[in-house]
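Observations on chain architecture
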Amino acid sequence: MNAAITNSRKFVPGILRAAAILLALSTAVVVRPARGQTPLPCGVPAAKTLAPGAVDTYRFTAPPGAKVLIQGVAVSPATFHGLRMRVTNASGAEIDDTCSGITQFNGGPGEFALQVSQCDGAGGGLYTVTMNVVSDGAGNCARPLSCGGTPDGTGFAIPGEVDSFAISM
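Residues numbered from 1 in each chain as written. Predicted model: local features only at pLDDT ≥ 70, side-chain atom pairs only at ≥ 80, totals over all residues. Heavy atoms only, no water.

**What about the overall build of the protein chain?**
When helices and strands are tallied, the protein chain shows one helix and nine strands. Reading the protein chain from its N end, one meets helices and strands in the order α-β-β-β-β-β-β-β-β-β. Looking at the protein chain alone, contacts between residues at least 24 apart form 67% of all its contacts between residues at least 6 apart. On the protein chain, roughly 10,100 Å² of surface is accessible, and the fraction owed to carbon and sulfur atoms is 61%. (Helix = DSSP H or I, 4+ residues; strand = E, 2+ residues; numbered from the N terminus. Contact = heavy atoms within 4.5 Å. Areas by Shrake-Rupley, 256 points an atom, 1.4 Å probe, with all protein chains shown as cover.)

This is the structure we're talking about:
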């Protein structure tokens, strides 16, 4: 009987250790938003200040087949020499990496990421990015504009903002 008790004492701590490892592994695979990631809703401009050498990351969704257009503007160009925008899909595959200030691609399943940084890696400053779905159908966030109508009085709330309008004919 003593041998059985001694063996069970060795066995129980082993089970507890294995359970602790499994618990640690199971919590390690839980997907949590990373710090510093900002939601980027359709049609809502995001204005931020980019520190020298920093990368800002945004997350957004776009329905499969939707045409997505992201525009970025360096609002303080005296210290900001080009806005770099890198877009990846839900699996992390790169869709675009550009310093042109504009990127267009097709939506798809899951969450996309937009990384904003400097093209030349130096300086910093204020910038604005806006994501719009520009195709008809699901996900389009353009404001309606009647035929013959004008966006007079709409104005821009922040420097570098881009507005999107849908015209029905």
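**Section: the nonpolar core**
One finds Leu 40, Tyr 58, Phe 60, Val 68, Ile 70, Leu 114 and Val 129 to be the most contacted residues of the largest nonpolar core, which totals 20 residues. Breaking this core down by element, the ones donating at least two residues are strand S2 (46-50), strand S3 (56-74), strand S4 (83-88), strand S6 (102-118) and strand S7 (125-133). Of the residues forming this core, the biggest block, six residues, is contributed by S3. (Core = buried A, V, L, I, M, F, W, Y, C linked by side-chain atoms within 4.5 Å. Buried < 20%, exposed > 50% of the residue type's maximum accessible area, 1.4 Å probe, protein only.)

**Remarks on the pairing of S3**
Each regular strand displays side chains that alternate between the two surfaces of the sheet. Alignment of strand S1 (residues 37-39) against S3, held across three bridges, turns out to be parallel. What sits directly across from Pro 39, in S3, is Arg 59. Where S3 meets S6, twelve bridges bridge the pair, whose relative direction is antiparallel. Residue pairing in the sheet places Arg 59 in a bridge with Ala 113 of S6. Relative to S7, S3 runs antiparallel, the two being bridged by seven bridges. (Pairing = 2+ DSSP bridges.)

**Points about the state of the cysteines**
Enumeration over the complete set of coordinates arrives at two disulfides. Each disulfide pairs two cysteine sulfurs, and for Cys 99 the partner residue is Cys 119, the sulfurs being separated by 2.0 Å. Between Cys 99 and Cys 119, the S-S torsion sits near -130 degrees, and that sign places the bridge as left-handed. Pair noted here: Cys 99 is in the loop between strand S5 (94-98) and S6 and Cys 119 is in the loop between S6 and S7, with a separation of 20 residues, a long-range link. On the basis of relative accessible area, Cys 119 is assigned to the partly exposed category, the value being 30%. Here the protein chain pairs its bonded cysteines, counted in sequence order, in the arrangement 1-4, 2-3. (Disulfide = S-S within 2.5 Å.)

**A closer look at the packing of aromatic side chains**
The tally for this structure, following the rule as stated, stands at three aromatic pairs. Both rings, one in Phe 60 and one in Phe 112, keep their centres 5.5 Å apart while their planes meet at 10 degrees; by these two values the pair is stacked. Note that Phe 60 is positioned in strand S3 and Phe 112 in strand S6, a separation of 52 residues in sequence. Residue Phe 60 shares its accessibility class with Phe 112, and that shared class is buried. Following the ring pairs from residue to residue traces out a cluster consisting of Phe 60, Phe 105 and Phe 112. (Phe/Tyr/Trp six-rings, centres within 6.5 Å; stacked < 30°, edge-to-face > 60°.)

**Topic: the pattern of salt bridges**
Under the definition given, this model contains two salt bridges. In this structure, Asp 97 engages Arg 84 in a salt bridge whose closest nitrogen and oxygen atoms are separated by 2.4 Å. One end of the pair, Asp 97, is in strand S5; the other, Arg 84, is in strand S4, with 13 residues separating them in the sequence. Overall, the relative accessible area of 32% leaves Asp 97 in the partly exposed class. The salt bridge partner of Arg 86 is Glu 94, with a shortest N-O separation of 2.8 Å. (Salt bridge = Lys/Arg side-chain N within 4 Å of Asp/Glu carboxyl O.)

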